[in-house]
Amino acid sequence: MEIYVNGRLEKTGNQKISLTLEPKSYQVTIKSLARKNHPDTIRVAMDMKYGAVLTTSTSPKRPYMLDDVTDGKRIQSASISPDGKYISVQFAETFPGGDKHNYSQILDRNTGQVLSELEGNAGGARWMPKSSHLYYTKRGMKGRDLITIDPVTRSEKTLAYNLPEGSFRVSPTEDYLLFTIQEKGPAERKDIQEVLVPDDRQPNWRNRMFIHKYDLSTGMLQRLTYGYHSAFVNDISQDGRYLLFSSSEPFLTARPFRRLSLYQMDLQTLQTDTILAQAKFVNRALFSPDGKQLLISGSGDAFDGIGLRINEGQTSNTSDGRLFLYNLTDRQVTPLTTEFNPSVDRAV
């Protein structure tokens, strides 16, 4: 006979086996060989030590255990190609013991057929904004390279060599990248501990993030933002011409203890217009497809509480996400989720 515990061979022959088991569910399989015309039943006896309690069953049903939470295959994300023909599904598979395997599958949207499977850096590939190709970065001979993949043939093409370090976003027109690059801030003196604001107690608070434009045809990197405060990309207009970015600064004497300014930059002329100056309770913004409106996320107190619904004497919850429509022509604000009770975390 052979005895398996959770698929692993423990013993062969007729001897006893000794197991040290954690408290959980196990599948024990016993394979036995019997002569023809002889009974094929076997007798199993278990001797439990240290007062352990054992419950056995031949039913395939079992309790839901911790391994079911930590081990197995999980879908991390799914996204559809711009032409709607393909779906990229990213998986993370955790094996007993903690080893992990990350990969993605490209599916035909109509049939569900797996067209290709990507691993390594390619396993985290994302769709290009316009063409139905995936992109990812890998370490090349001279630095980080930008690679695109055909989802069906899996053929690869290098779009750029030796990219700068930092996160980036591909423009909707696919002719440039917007990088967010970190710069080191001034270090503290070794003989004194200096705290400029409460957040200065956090590691790397003095570092700053700035936006750069990388032209894919020329390889030229152009810095777009400067200053004391970090700048972050919010969105790019569909025609690729306008950049929407924000910068925030501490404001320690009143809720929400931070102010956000929102700007629109013409990437052809670099002319920059202020849309919101030191706005309270605003988080970020997105362009409408025609570029004439913004979808702004924040809490109910934003824009003088136009989207707030609380009782008199109550204080609003700044973590309660609200949405607002902002018209760039007349700067009128329309609350969209005043009667929507759940909090909005993300919007498209």
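Residues numbered from 1 in each chain as written. Predicted model: local features only at pLDDT ≥ 70, side-chain atom pairs only at ≥ 80, totals over all residues. Heavy atoms only, no water.

Draft legend 1. Just the overall build of the protein, in detail. Summing up its helical and strand segments, the protein has two helices and 23 strands in all. Over its C-alpha trace the protein gives a radius of gyration of 29 Å, far above what one expects of a compact globule, namely 20 Å for 348 residues. The principal-axis extent of the C-alpha atoms belonging to the protein is close to 90 × 60 × 55 Å. For the protein, with 348 residues in total, the buried portion stands at 34%. A separation threshold of at least 6 residues defines the contact pool for the protein, and within that pool the share at least 24 residues apart is 36%. If you sum the accessible surface of the protein, you get close to 23500 Å²; carbon and sulfur atoms cover 48% of it. (Helix = DSSP H or I, 4+ residues; strand = E, 2+ residues; numbered from the N terminus. Rg over C-alpha atoms; globule rule 2.2 N^0.38 Å. Buried < 20%, exposed > 50% of the residue type's maximum accessible area, 1.4 Å probe, protein only. Contact = heavy atoms within 4.5 Å. Areas by Shrake-Rupley, 256 points an atom, 1.4 Å probe, with all protein chains shown as cover.)

Draft legend 2. Spatial organisation of the sheet that holds strand 21 (residues 293–299). In spatial order, the strands read 20-21-22-23; together these four strands make up an open sheet with antiparallel pairing. Looking at strand neighbours, the two that pair on one side only are strand 20 (282–287) and strand 23 (333–335), the edges of this open sheet. Going from strand to strand, the sheet's axes swing by 25° on average, the running direction of each strand aside. (Pairing = 2+ DSSP bridges. Axes fitted to C-alpha atoms, helices over the stretch in contact; angles between N-to-C directions.)

Draft legend 3. Inspection of the pairing of strand 16 (residues 232–236) at higher detail. For strand 16, the tally of buried residues reaches four of five residues, placing the bulk of the element in the interior. Bridge count for strand 16 against strand 17 (residues 242–250) is four bridges, and the pairing is antiparallel. The residue bridging Ile236 from the neighbouring strand is Leu243, located in strand 17. If you look at the hairpin formed by strand 16 and strand 17, you'll find five residues sitting between the two strands, and Gly240 has a positive phi there, around 75°.

Draft legend 4. Representation of the nonpolar core. Grouped together as the largest cluster of nonpolar side chains are 16 residues, with contacts concentrated most on Leu262, Leu276 and Leu294. Only strand 18 (258–266), strand 19 (272–279), strand 20, strand 21 and strand 22 (321–327) provide two or more residues apiece to this core. The residues contacting Leu262, other than those within four sequence positions of it, are Asn234, Leu244, Phe245, Ser246, Asp273, Thr274, Ile275, Leu276, Ala285 and Leu294. The next biggest cluster of nonpolar side chains, apart from the first, holds 12 residues, and it includes Ala160, Leu163, Phe168 and Phe179. (Core = buried A, V, L, I, M, F, W, Y, C linked by side-chain atoms within 4.5 Å.)

Draft legend 5. Fine view of the confidence of the model for the protein. Per-residue confidence for the protein gives a mean pLDDT of 92, with 99% of residues at or over 70. Strand 2 (residues 8–12) is the least confidently modelled element of the protein, averaging 82 in pLDDT, while strand 16 averages 98, the highest of any element. (pLDDT = per-residue confidence, 0-100.)

Draft legend 6. Seen up close, the environment of Gly97. With respect to the helices and strands, the residue Gly97 is situated in the loop between strand 5 (86–94) and strand 6 (100–108). Residues Gly97 and Gln27, 70 residues apart in the sequence, show an inter-C-alpha distance of 17 Å.

Draft legend 7. Focus on a nonpolar patch on the surface. There is a patch of nonpolar side chains on the surface, built from Ile42, Val44, Met46, Met48 and Leu54 and spanning about 460 Å² of accessible area. Relative to the elements of secondary structure, Leu54 occurs in the loop between strand 3 (28–31) and helix 1 (66–70). According to the relative accessible area criterion, Leu54 is partly exposed, its value standing at 43%. (Patch = residues over 30% accessible without salt bridge, like charges linked within 9 Å, V, L, I, M, F, W, Y side chains within 5 Å. Salt bridge = Lys/Arg side-chain N within 4 Å of Asp/Glu carboxyl O.)

Draft legend 8. Inspection of the side chain of Asp200 at higher detail. Along the chain, the position of Asp200 falls in the loop between strand 13 (176–183) and strand 14 (208–215). Among the polar contacts listed, one links the side chain of Asp200 to the backbone nitrogen of Leu196, at a separation of 3.0 Å. At a separation of 2.9 Å, a polar atom in the side chain of Asp200 contacts the side chain of Arg206. Once you skip the residues sitting within four places of it in the chain, Asp200 turns out to touch Glu188, Glu194, Val195, Trp205 and Arg206. (Polar contact = N/O pair within 3.5 Å; in protein donor to acceptor, adjacent residues only side chain to side chain.)

Draft legend 9. Summary view of the packing of aromatic side chains. Tallying each qualifying case throughout the model produces seven aromatic pairs. Relative to Phe168, the ring of Tyr135 lies with its centre 6.0 Å away and its plane at 40°, an arrangement referred to as tilted. With Tyr135 in strand 9 (residues 134–139) and Phe168 in strand 12 (residues 167–170), the pair connects residues that are 33 residues apart, well separated along the chain. A single burial state applies to Tyr135 and to Phe168, both of which are buried. On the basis of an interplanar angle of 40° and a centroid distance of 5.2 Å, the ring pair of Phe168 and Phe179 is categorised as tilted. (Phe/Tyr/Trp six-rings, centres within 6.5 Å; stacked < 30°, edge-to-face > 60°.)

Draft legend 10. Molecular detail of the sheet that holds strand 10 (residues 144–149). Read across the open sheet, the four strands follow the order 8-9-10-11; overall the sheet is antiparallel. Lying at the two open borders of the sheet, with one neighbouring strand each, are strand 8 (126–127) and strand 11 (156–163). Taken together, the five bridges between strand 10 and strand 11 define a ladder with antiparallel strand orientation. In the sheet register, Leu146 faces strand 11, and the bridge partner there is Ala160.

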